Amino acid sequence: MGKIPPALRATQFPVTSLLRNRPPSEAPSAPPKPFHFPKKTSKKKPSKTLVAVNPKLPNVTFKSPNLSEAKSLFDSIVSSTSSSAARLDLKFHNSLLQSFAAISSLDDSISLLRHMVNTYAPFFPDRSTYHVLLSQSCKYHEQSLSSVRKTLDLMVEDGFPPDKATTDIAVRTLCSADRIDHAVELVKELCLKNSPPDSYTYNFLIKHLCKSRTTSTVNNFIKEMRESFEIKPDLVAYTILIDNVCNRKNLREATRLLELLNEDGFKPDSYVYNTIMKGYCMLSQGSEVLRVYNKMKEEGVEPDLVTYNTLIFGLSKSGRVNEARKFLDIMSELGHFPDEVTYTSLMNGMFRQGNALGALQLLKEMEAKGCTPNSCTYNTMLHGLCRAKLLDNAIELYDLMKAGDMKLDTGSYGTFLRALCRNGRVAEAYEVLDYAVESESLKDFAAYSVLESTLKWLKKAREQGLAV
């Protein structure tokens, strides 16, 4: 309770029957129509492959790192195609080189490349050929960048000095090989050789540093790049940095970064403000969430649906439910209609305050406005009703979940089982266990463990006269 996972499939069954005070004359309203979203057209990019386009060319994959065998194989391919219409193109050579480089040493891979050039006159390697060698050299788990530097020197020697694409390939491959420090070292070297990273490569490296290094390490790297090479972070980089420190609950650093962002001439967008608000939500600091929201308005940045959902979640989590409730109307007036996340956050806050009946009323209002509760909404309600000791309402809601084939989350499942057992309804608890397993809400072991621990607690409570 408190975390809002992504929405799952919504049930088609109304839950207004949970409110017992409906006048008998009032006919039940038809269930709201589910929302329909236009299907996004699939824009599949053609897969990149190094296999030769010419169907008459063999698809060769090396199994042995032996250089002599590789040369012999290439010679036989040249001989077999010299008398046919097939022509060994650049893509075929690159594919062949990539296959061999993946299992051999860098020196042997370079030797094979030299042999291919000398043996087959029509073959002229281009930058992509050397990038094959560069990518493989970055994957070697070495203590230094010797292989990478050797490949870069070879590129310069053959007339292909490093460019931005070269830098990008090297940085991405080094990071994927978990050689982050080497990626940083290489970027600095390439900056000195007039091949600095572009913004995409730079931001990619910053993102990986944020994942694996301390905040001070990241800041020192950015400072050095700024002072030594005049490379400044852009808005995307600042967003990555702010998101990182917010996830680490370092909101003081987030505020400092926001000031730096302004000093560098960038205007924070809604995503940046939403990220900082999210950080204060994690700390349950509703007043700070509201302060960031107000600052956002003052700076002329228009709040979006995520802004209001974050604001309502933060205020509700910090116990300021009445203030959060007012923003339902405010956001609607501005054209941002509350969704499942909005209502579920507010319900969560109401349960925290002990206002279970208010949460039930909000559930009715939610449906009346055409917003269909999702799995997270139901699990939040089930958990809250059990804690409020409204077991009958909880059972009715569980029946709706079951009819809609909704999954139980771990928290609501455990709370519901304990509530049933506490009230002597052990047989029904076993039925809930069966449903949890059948619906794959929990793994078998986890589901049985919760029930077993609950029954042990019940037995002990009965022995002490604390339960019926």
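Here's a quick rundown of the structure. In this text, all values refer to a predicted model and were calculated from it rather than measured experimentally. (Residues numbered from 1 in each chain as written. Predicted model: local features only at pLDDT ≥ 70, side-chain atom pairs only at ≥ 80, totals over all residues. Heavy atoms only, no water.)

## Topic: the packing of aromatic side chains
Right, on to step 1. If you walk through the whole model with that rule in mind, you get nine aromatic pairs.
Right, on to step 2. Arranged with centres 5.3 Å apart and planes meeting at 40 degrees, the rings of tyrosine 130 and phenylalanine 160 form a pair that is tilted. Taken together, the residues tyrosine 130 in helix α4 (residues 127-139) and phenylalanine 160 in the loop between α5 (146-157) and α6 (164-176) connect sequence positions 30 residues apart. Each member of the pair, tyrosine 130 as well as phenylalanine 160, is classed as buried.
Right, on to step 3. Here tyrosine 398 and tyrosine 435 contribute two aromatic rings whose centre-to-centre distance is 5.9 Å and whose plane-to-plane angle is 85 degrees, an arrangement assigned as edge-to-face. In this pair, tyrosine 398 sits in helix α19 (residues 391-403) while tyrosine 435 sits in helix α21 (residues 426-438), placing the two residues 37 residues apart along the sequence.
Right, on to step 4. Given the relative accessible area of 6%, tyrosine 398 is considered buried.
Right, on to step 5. By way of ring pairs, the aromatic residues Tyr293, Tyr308 and Phe327 are connected into one cluster. (Phe/Tyr/Trp six-rings, centres within 6.5 Å; stacked < 30°, edge-to-face > 60°. Helix = DSSP H or I, 4+ residues; strand = E, 2+ residues; numbered from the N terminus. Buried < 20%, exposed > 50% of the residue type's maximum accessible area, 1.4 Å probe, protein only.)

## Points about the environment of isoleucine 110
Right, on to step 1. Turning to its location among the elements, isoleucine 110 is positioned in helix α3 (residues 106-119).
Right, on to step 2. Relative accessible area serves as the criterion here: at 12%, isoleucine 110 is assigned to the buried category.
Right, on to step 3. In the structure, isoleucine 110 is positioned 44 residues away from leucine 154 in sequence and 9.0 Å away in space, judged by C-alpha atoms.

## Thoughts on unusual backbone geometry
Right, on to step 1. Its identity as a non-glycine residue notwithstanding, lysine 249 has a phi of 65 degrees, on the positive side.
Right, on to step 2. Inspection of the secondary structure puts lysine 249 in the loop between α10 (235-247) and α11 (251-263).
Right, on to step 3. Here the phi dihedral of glutamate 440 falls at roughly 60 degrees; this positive angle occurs in a residue that is not glycine.
Right, on to step 4. Classification of glutamate 440 as exposed rests on a relative accessible area of 59%.

## Observations regarding the nonpolar core
Generally speaking, nonpolar side chains in soluble globular proteins are found buried as a group.
Right, on to step 1. If you look at the biggest cluster of nonpolar residues, it comprises 127 residues, and the most contacted ones within it are Tyr413 and Phe416.
Right, on to step 2. For tyrosine 413, the contacting residues outside a window of four places in its chain are Leu408, Val432, Leu433, Ala436, Leu442, Ala447 and Val450. (Core = buried A, V, L, I, M, F, W, Y, C linked by side-chain atoms within 4.5 Å. Contact = heavy atoms within 4.5 Å.)

## Quick word on a positive patch on the surface
Right, on to step 1. A cluster of basic residues, Arg387, Lys389, Arg418 and Arg422, forms a positive patch on the protein surface.
Right, on to step 2. With respect to the secondary-structure elements, arginine 387 resides in helix α18 (residues 375-387).
Right, on to step 3. Owing to a relative accessible area of 60%, arginine 387 belongs among the exposed residues under this scheme. (Patch = residues over 30% accessible without salt bridge, like charges linked within 9 Å, V, L, I, M, F, W, Y side chains within 5 Å. Areas by Shrake-Rupley, 256 points an atom, 1.4 Å probe, with all protein chains shown as cover. Salt bridge = Lys/Arg side-chain N within 4 Å of Asp/Glu carboxyl O. Lys, Arg positive; Asp, Glu negative; His and termini not counted. Charge placed at Lys NZ, Arg CZ, Asp CG, Glu CD.)

## Some points on helix α17 (residues 356-368)
Right, on to step 1. Here α17 spans 19 Å end to end across 13 residues, near enough to the 18 Å set by a 1.5 Å rise per residue.
Right, on to step 2. Those residues of α17 not exposed but buried are Ala356, Gly358, Ala359, Leu360, Leu362, Leu363, Glu365, Met366 and Glu367.
Right, on to step 3. Looking at the buried residues of α17, the elements they touch are α15 (321-333), α16 (340-352), α18 and α19.
Right, on to step 4. Of the residues trailing α17, glycine 370 is marked for its positive phi of about 85 degrees. (Expected span 1.5 Å × (residues − 1).)

## Thoughts on the environment of leucine 260
Right, on to step 1. On the secondary structure map, leucine 260 appears in helix α11.
Right, on to step 2. With a relative accessible area of 26%, leucine 260 lands in the partly exposed category.
Right, on to step 3. Between the alpha carbons of leucine 260 and tyrosine 238 there is a distance of 8.8 Å; along the sequence they are 22 residues apart.

## Overview of the pattern of salt bridges
Between side chains of opposite charge, a pair can form as their charged atoms come close.
Right, on to step 1. Overall, the coordinates contain 19 salt bridges when judged by the stated rule.
Right, on to step 2. Arginine 320 is the salt-bridge partner of glutamate 323, the closest N and O atoms lying 2.6 Å from each other.
Right, on to step 3. Arginine 425 is the salt-bridge partner of glutamate 428, the closest N and O atoms lying 2.7 Å from each other.
Right, on to step 4. You can call arginine 425 partly exposed: its relative accessible area is 28%.
Right, on to step 5. Counted as one network, the salt bridges with shared partners bring together Arg149, Glu185 and Glu189.

## Overview of the packing of α10 against helix α12 (residues 270-282)
Right, on to step 1. Contact geometry for α10 and α12: axes closest at 9 Å, N-to-C directions at 5 degrees. If you check the angle between α10 and α12, you find them roughly parallel. Contacts from Leu235, Thr239, Ile242, Asp243, Cys246 and Asn247 in α10 reach Tyr271, Val272, Thr275, Ile276, Lys278, Gly279 and Met282 in α12.
Right, on to step 2. Looking at the contact of α10 with α12, its residues break down into seven nonpolar, four polar and two charged. (Axes fitted to C-alpha atoms, helices over the stretch in contact; angles between N-to-C directions. Parallel < 35°, antiparallel > 145°, perpendicular 65-115°, else oblique. Nonpolar A, V, L, I, M, F, W, Y, C, P; charged D, E, K, R; others polar.)

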